[in-house]
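# Working through the structure, step by step
Residue strings, one per chain:
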Amino acid sequence: MKSSRALLLVAVAAAVAGLAAANFRDDCDIPWEPQNARFTGDGNGLSMSLVSNYSGCMLRTKKQYIYGTVSTLIQLVPGNSAGTITTYYVSSVGDYHDEIDFEFLGNETGQPYTFHTNLFADGVGHKEMQFKPWFDPTSGFHNYTISWSPCMVVWYVDSVPIRVFRNYKANGVPYPTSRPMYAYSSIWAAEEWATQGGRVKTDWSKAPFVANYDNIQLDICECSGYGGCATGCSAAAAPYNGACQLSPSELGQMQRVQSKYMIYNYCVDPKNWANGQEPAECKLSQY
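Conventions adopted
- Residues numbered from 1 in each chain as written.
- Predicted model: local features only at pLDDT ≥ 70, side-chain atom pairs only at ≥ 80, totals over all residues.
- Heavy atoms only, no water.
- UniProt positions renumbered as here; feature names shortened; annotations may be inferred.
- Helix = DSSP H or I, 4+ residues; strand = E, 2+ residues; numbered from the N terminus.
- Rg over C-alpha atoms; globule rule 2.2 N^0.38 Å.
- Buried < 20%, exposed > 50% of the residue type's maximum accessible area, 1.4 Å probe, protein only.
- Contact = heavy atoms within 4.5 Å.
- Areas by Shrake-Rupley, 256 points an atom, 1.4 Å probe, with all protein chains shown as cover.
- Lys, Arg positive; Asp, Glu negative; His and termini not counted.
- Charge placed at Lys NZ, Arg CZ, Asp CG, Glu CD.
- Pairing = 2+ DSSP bridges.
- Axes fitted to C-alpha atoms, helices over the stretch in contact; angles between N-to-C directions.
- Expected span 1.5 Å × (residues − 1).
- Disulfide = S-S within 2.5 Å.

The protein is annotated in an unreviewed UniProt entry as Xyloglucan endotransglucosylase/hydrolase from Digitaria exilis. Here is the UniProt Sequence similarities (unreviewed entry) comment for the protein, exactly as written: "Belongs to the glycosyl hydrolase 16 family." A UniProt comment under Function (unreviewed entry) is attached to the protein, and it reads "Catalyzes xyloglucan endohydrolysis (XEH) and/or endotransglycosylation (XET). Cleaves and religates xyloglucan polymers, an essential constituent of the primary cell wall, and thereby participates in cell wall construction of growing tissues."

### A few points about the overall build of the protein
When you go through the protein residue by residue, the secondary structure sums to three helices and 16 strands. Its C-alpha atoms give the protein a radius of gyration of 18 Å, near enough to 19 Å, the size a compact globule of 287 residues would have. Considering only C-alpha atoms, the protein reaches an extent of 50 × 45 × 40 Å along its principal axes. Looking at the protein as a whole, 55% of its 287 residues are labelled buried. Relative to all contacts within the protein whose residues are 6 or more apart in sequence, the contacts with residues 24 or more apart total 68%. Accessible surface, the protein: about 12,600 Å² in total, of which carbon and sulfur atoms supply 52%. Of the side-chain charges in the protein, 20 are positive and 25 negative, and the distance between the mean point of each set is 4 Å.

### What to know about the sheet that holds strand 14 (residues 182-189)
Taken in spatial order, the eight strands line up as 2-5-14-7-8-9-10-16 in an open sheet, and their pairing is antiparallel. Of all the strands in the sheet, just strand 2 (28-32) and strand 16 (262-265) have a single pairing partner and so form its edges. Averaged over all pairs of adjacent strands, the angle between strand axes in this sheet comes to 15 degrees, irrespective of strand direction. The pairing of strand 7 (residues 84-91) with strand 8 (residues 99-105) spans seven bridges and is antiparallel. By the bridge assignment for strand 8, T86 is matched with F104. Across the face of the sheet, helix 3 (residues 248-261) comes into contact with strand 10 (129-131) and strand 16 while running at roughly 90 degrees to strand 16.

### Here's the deal with the side chain of Q64
Along the chain, Q64 turns up in the loop between strand 5 (57-61) and strand 6 (65-75). In this structure Q64 touches P180, M181, Y182, C221, E222, C223 and S224, once residues within four positions along its chain are discounted.

### Brief notes about helix 3
The terminal C-alpha atoms of helix 3, which comprises 14 residues, lie 20 Å apart, in line with the 20 Å expected from a rise of 1.5 Å per residue. Inspection of helix 3 places E250, G252, M254, V257, Q258 and Y261 among the buried residues, and these make up the whole buried set.

### With respect to the state of the cysteines
Each disulfide consists of one covalent bond between the sulfur atoms belonging to two cysteines. Applying the stated rule across the entire model yields three disulfides. Through a disulfide, C151 is tied to C244; the S-S separation comes to 2.3 Å. Taking the torsion about the S-S bond as the criterion, the C151 to C244 disulfide, at about -100 degrees, is left-handed. Taken as a pair, C151 in the loop between strand 11 (142-148) and strand 12 (152-157) and C244 in the loop between strand 15 (209-222) and helix 3 lie far apart in primary sequence, 93 residues in all. Two residues, C267 and C282, share a disulfide whose sulfurs are 1.9 Å apart.

### Observations regarding unusual backbone geometry
Of the consecutive residues A207 and P208, the connecting peptide bond is found in the cis state with omega at 5 degrees. Structurally, the position occupied by P208 is in the loop between strand 14 and strand 15. Backbone geometry at E33 places phi at a positive 55 degrees, although glycine is not the residue there. By secondary structure assignment, the location of E33 is in the loop between strand 2 and strand 3 (37-39). At H126, a position not held by glycine, the phi torsion is positive, near 60 degrees. Along the polypeptide, H126 turns up in the loop between strand 9 (114-120) and strand 10.

Here it is, written out as structure tokens:
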């Protein structure tokens with residue numbers, strides 16, 4: 001197990017190149033149910049448990065930021081994880097909040113997880129895209145990265161971009177640009193909707209349900225207020241290639257993932273459009 005973990009850390013090094021090493025114990029707080037969190041001796045690893053319908057766990061970074069990249073390794077709940085949600089996301093606090101989500105919806109034994117992504121800006125959400133994984137996310141650690149720059153948000157899995165949301169604020173599309181965010185991780189219960197629309201309920205005899213995290217990395221423009229927090233901060237640059245677009249190879253990777261593993265796209269679901277109107281960004285290039 002140790003050798004496999006070491007190999008994975010090497011394999012994802014390219015995905016987090018330039019990110020600053022952080023520490024779960026020193027750089028984060030546990031604002032909800034701290035008794036359900038366990039740190040490794042060096043603080044670089046963390047497990048969080050869902051014990052009951054009312055007792056999960058949440059971790060939050062001590063620092064807020066505007067623009068940057070957050071990355072970590074996660075091993076999702078194995079076995080029958082129906083009704084459980086493990087998350088990795090960034091969010092502001094207060095009204096009209098901004099948020100960028102990875103949510104991992106558990107399933108009954110033998111059925112795949114759902115990787116749920118979403119974005120809120122100025123309090124406007126309903127921008128969901130969902131994927132089924134092309135690997136077993138419970139058998140070992142995999143890298144999940146959220147990169148937020150002035151021109152685009154990119155979701156990565158094991159260094160592969162799976163989704164892009166571009167800044168089209170000039171076209172009237174809300175985009176997060178001014179509200180500082182924290183990075184969060186959590187595990188909680190949502191059996192009323194999480195698994196197959198709520199048809200499959202949680203088997204609480206299998207509790208506690210445990211998700212493991214390792215090797216958090218942060219490259220962020222630290223910010224505790226509004227305004228020019230990201231001015232002169234290198235983390236405000238677009239991810240990895242320093243441009244406001246994916247590289248040709250990244251674009252090819254994303255298109256392959258979306259063609260084979262995307263299972264839901266809000267842009268092609270008229271019944272969930274506000275006022276029956278196609279969202280403006282759905283008519284604009286995200287690549």
